[in-house]
Structure formats: structure tokens, C-alpha cells
Amino acid sequence: MGTPSISHRLAEAAVALFDENGYDETTVDDIAARAGVSRSTFFRYYRSKEDAIFPDHDTLLAQVDARLRASTSDTGIVAVTDAVRIVLAHYVEDAEVSLRRYSLVRRVPALRDREIASVARYQRLFREFIGKWLVGTPDADLRAELMAASVVAAHNQVLRGWLRTGGTYDPSPLLDHAMGYVVAIFRHWEQPGKSGDDEVVVATFSRSASPQAVMEAIQAHLQPRSPKTGEEH
């Protein structure tokens, strides 16, 4: 295993010190000293001590963006699924830091706010990609937002379940299972309005209508009609 990068050392130091001494009591100088670097070096990598808890989000976002951009409309679903796997794998590969960070985020409001902001960046990235995929279709913006939210929710549900159990299992199969539900929604919405055979019929009848009358009325409505004359076949 190679020597950890300076950014990784700073992140590990921040997590350890926040855990040992408390978030408010830990300073940037403390983090830099624990990592064996200067204060100025710390600020070359992070803008604040909160940022050190989420060290690789920019790099991870770039990886997700690259995977999405490498796809076409025909491979969009595969790209979204692959991108979500990239994010989960990042947490699993550095399980110790991920678990300690999860514990800290639950206790420190400032870190919860930072995490929420990070999640919003992922959701925006997915929304923009899906929006381009759906451009020109009905309610494209709305559906892109709903799809992006479902992708992020599926990932977060699996990740938090893994974190709550102390990272004792491989969460990848559960992510694939969760994404199966999301993909089902995607498939349903890929080309909206194309399945005219699935028209929904809503009918109202008075309480005094007999079952026979109801059935005859429904049957008459559902009879195939000539596209030119509207006459029943």
C-alpha cells in the first residue's frame, strides 16, 4: 500500500481529532499538527475544517460526471447505475474513515449541514444529466428531478444501512437491488406517452344503476372504434 496523500492524512487527522476532542474544540492547527504539515499546507487542500471531513467529493463528482458524459441516451440507465456504484465504492473502500465520519455527522449539526450540501451537488449532477436525456419530452424537468431524487435516495438508503451496522457486509448487491426499483421507474418513463394502448378510463354512475347497465356502458366505451369514422367495429 502506498503512502497516503497529504489530503488523506489531513482527513484522517480531522476525523480522529473530532472524535477524540470534539468538533468545536479542534482547530485547524491541531489537524495540521496531527497530519505533520503546516497550517498553510492545510489551507492549500481545504477551506475549512468541515471540508476536511469530506475530502474527495470534488474528485468523486468529477468521476461521476465523466461516467455520465461517456454515455448516450441509449445507455443512460447503465451510466446512472454505474455512477451510483462509483459513489458507494468510494465509501466502502475507506470504511474506517467513512464509519467515523458517519458517527461525527450524526452528532455535529455543522457537519450534517455540510453533508446535506454535498448530497445536493450529486442530485443536481444526476438531474442535469437526466434532463438532457429527457429533453423534448413532456414534463422533462419535473421527471428529471424526480428521477435524480430517487437515484440519490436509493444510494443513501443502502449506504446508511451499511454504516449503521458498522460496515460488516458488502452493500453492493443491496445497491443493485435498490437501483432495480429506480430503473423500473426509468423504463416506465423513458418514452412517455408512447403506449396509447394503456389509456385509463374513468366512469361515473348513479347508485341506482344496475350492475348489468354498468357493464354494458363500460363494454360500449371499450369497443374498438374506426380511426376515421369513430364507428364501433
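Treat the numbers as computed from the prediction; the structure is a model and nothing was measured.

So, how was this worked out
Residues numbered from 1 in each chain as written. Predicted model: local features only at pLDDT ≥ 70, side-chain atom pairs only at ≥ 80, totals over all residues. Heavy atoms only, no water. Helix = DSSP H or I, 4+ residues; strand = E, 2+ residues; numbered from the N terminus. Buried < 20%, exposed > 50% of the residue type's maximum accessible area, 1.4 Å probe, protein only. Contact = heavy atoms within 4.5 Å. Axes fitted to C-alpha atoms, helices over the stretch in contact; angles between N-to-C directions. Parallel < 35°, antiparallel > 145°, perpendicular 65-115°, else oblique. Left-handed = near helix turned anticlockwise from the far one by under 90°. Nonpolar A, V, L, I, M, F, W, Y, C, P; charged D, E, K, R; others polar. Salt bridge = Lys/Arg side-chain N within 4 Å of Asp/Glu carboxyl O. Core = buried A, V, L, I, M, F, W, Y, C linked by side-chain atoms within 4.5 Å. pLDDT = per-residue confidence, 0-100.

**Examining the overall build of the protein**
Across its full length, the protein carries ten helices and zero strands. Helices and strands in the protein line up, N terminus first, as α-α-α-α-α-α-α-α-α-α. Across the 233 residues that make up the protein, the buried fraction comes to 37%. In the protein, the share of contacts with a sequence separation of at least 24, taken over all contacts with a separation of at least 6, comes to 61%.

**Considering the packing of helix H4 (residues 57–69) against helix H7 (residues 109–133)**
Relative orientation of the contacting elements H4 and H7 amounts to 15°, with a least axis distance of 11 Å. As summarised for this structure, H4 and H7 are arranged roughly parallel, according to the angle between their axes. In this structure, H4 crosses over H7, and the sense of that crossing is right-handed. Only Ser118, Arg121, Tyr122, Leu125, Phe126 and Phe129 of H7 make contact with H4, whose side of the interface consists of His57, Asp58, Leu60, Leu61, Val64, Asp65 and Leu68. Classifying every residue of the contact of H4 with H7 gives eight nonpolar, two polar and three charged.

**Points about the pattern of salt bridges**
Throughout the structure, instances matching the rule amount to twelve salt bridges. Note that Asp19 is salt-bridged to Arg107, the shortest N-O span being 3.4 Å. Here Arg107 lies in helix H6 (residues 95–107) and Asp19 lies in helix H1 (residues 6–21), a separation of 88 residues in the sequence. Assessed through its relative accessible area of 35%, Asp19 is described here as partly exposed. Note that Arg47 and Asp51 form a salt bridge whose closest N and O atoms lie 3.2 Å from each other. Given a relative accessible area of 10%, Asp51 falls into the buried group.

**A few points about unusual backbone geometry**
A positive phi angle, close to 55°, is found at Asp139, a residue other than glycine. When you line up the elements, Asp139 lands in the loop between H7 and helix H8 (140–164). By relative accessible area, Asp139 is classed as exposed at 55%.

**A look at the nonpolar core**
Soluble globular proteins tend to pack their nonpolar side chains together in the buried interior. Ranked by internal contacts, the top residues of the largest apolar core, which has 37 residues, are Leu68, Val80, Phe126, Ile130, Val151, Met179 and Phe186. When contributions to this core are tallied by element, the ones reaching two or more residues are H4, helix H5 (76–93), H7, H8 and helix H9 (172–189). It is H8 that contributes the most residues to this core, eleven residues altogether. With near-sequence residues (within four places) excluded, Phe186 lies in contact with Ile77, Val80, Ile130, Trp133, Met147, Ser150 and Val151. Residues Leu17, Phe42, Tyr46 and Val97 belong to the second largest nonpolar core, which totals 23 residues.

**Comments concerning the confidence of the model for the protein**
Averaged over the protein, the pLDDT score is 83; the fraction of residues at 70 or greater is 79%. Here helix H10 (residues 211–222) is the element of the protein with the lowest mean pLDDT, 59, and helix H2 (residues 28–35) is the one with the highest, 97. Here residues 191–201 is modelled with pLDDT under 50, and outside its nearest four sequence neighbours on either side it reaches five contacts, counting other chains as well. For residues 225–232, every residue scores under 50 in pLDDT, and the model assigns this stretch eleven contacts once sequence neighbours within four places are set aside.

**Concerning the environment of Pro171**
By the secondary structure assignment, Pro171 is in the loop between H8 and H9. For Pro171, a relative accessible area of 0% corresponds to the buried category. Separated by 82 residues in sequence, Pro171 and Ala89 place their C-alpha atoms 9.1 Å apart. For Pro171, the residues in contact, after removing those within four places along its chain, are Leu88, Val92, Val158 and Trp162.

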